[in-house]
Amino acid sequence: MLTPELLCRLRFTLRDLPRLRAEVEARAASAGLNEPRRGEFVVAVDAVATNAVEHAGGGGQLVLRHLGDELECQVADSGPGFTEDVIPELLPGLEGATSGRGLWLAKLVTDRLTVADAAGQGSVVTFAVRLRGE
């Protein structure tokens, strides 16, 4: 079994988002994630973290890991919780969807994305990109 290498663990609020993006970008570069995938990954991090700030208690915790051939990010929040069912299949705004643009975008640009609802204790969004074969 692979042991994940912890790259960073950060608590964040709205004012921390610029630092969070810069830290993730630097750690992703050092882990070997090349452009344009690195930029897309940072966009996904920003979208999920901003979602936590705006809809789930004003902040959260980010954990970034290097696991085998993947760079994995987890964003945990203390909001009301949600499931992947809220992520629209089509670009929000089409087919009547009025929300979910950030999560939709994160799912679009990553190789995997899951949402775990912590039964009223918040949610954990986990997403990853492959480091090779971009």
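Quick caveat: nothing in here was measured; it's all calculated off a predicted structure.

(A) Quick peek at the pattern of salt bridges. Scanning the model with the defined rule gives 11 salt bridges in all. With a shortest N-O distance of 2.7 Å, arginine 21 and aspartate 46 are connected by a salt bridge. Here arginine 21 is found in helix H1 (residues 17-30), whereas its partner aspartate 46 is found in helix H2 (residues 37-55), with 25 residues between them in sequence. Given a relative accessible area of 30%, arginine 21 falls into the partly exposed group. One continuous salt-bridge network, built from bridges that share partners, spans Arg37, Glu40, Asp111 and Arg130.

(B) Broad picture of the packing of H2 against helix H3 (residues 101-109). Where H2 contacts H3, the axes come no closer than 8 Å and their chain directions differ by 150°. The angle between the axes of H2 and H3 places the two elements in the roughly antiparallel class. When the axes of H2 and H3 are compared, the crossing they make is left-handed. In this structure, H2 contributes Arg37, Glu40, Val43, Ala44, Ala47, Val48 and Asn51 to the contact, and H3 contributes Gly102, Leu103, Leu105, Ala106 and Val109. Looking at the contact of H2 with H3, its residues break down into eight nonpolar, two polar and two charged.

Thresholds, definitions, all that
- Residues numbered from 1 in each chain as written.
- Predicted model: local features only at pLDDT ≥ 70, side-chain atom pairs only at ≥ 80, totals over all residues.
- Heavy atoms only, no water.
- Salt bridge = Lys/Arg side-chain N within 4 Å of Asp/Glu carboxyl O.
- Helix = DSSP H or I, 4+ residues; strand = E, 2+ residues; numbered from the N terminus.
- Buried < 20%, exposed > 50% of the residue type's maximum accessible area, 1.4 Å probe, protein only.
- Axes fitted to C-alpha atoms, helices over the stretch in contact; angles between N-to-C directions.
- Parallel < 35°, antiparallel > 145°, perpendicular 65-115°, else oblique.
- Left-handed = near helix turned anticlockwise from the far one by under 90°.
- Contact = heavy atoms within 4.5 Å.
- Nonpolar A, V, L, I, M, F, W, Y, C, P; charged D, E, K, R; others polar.

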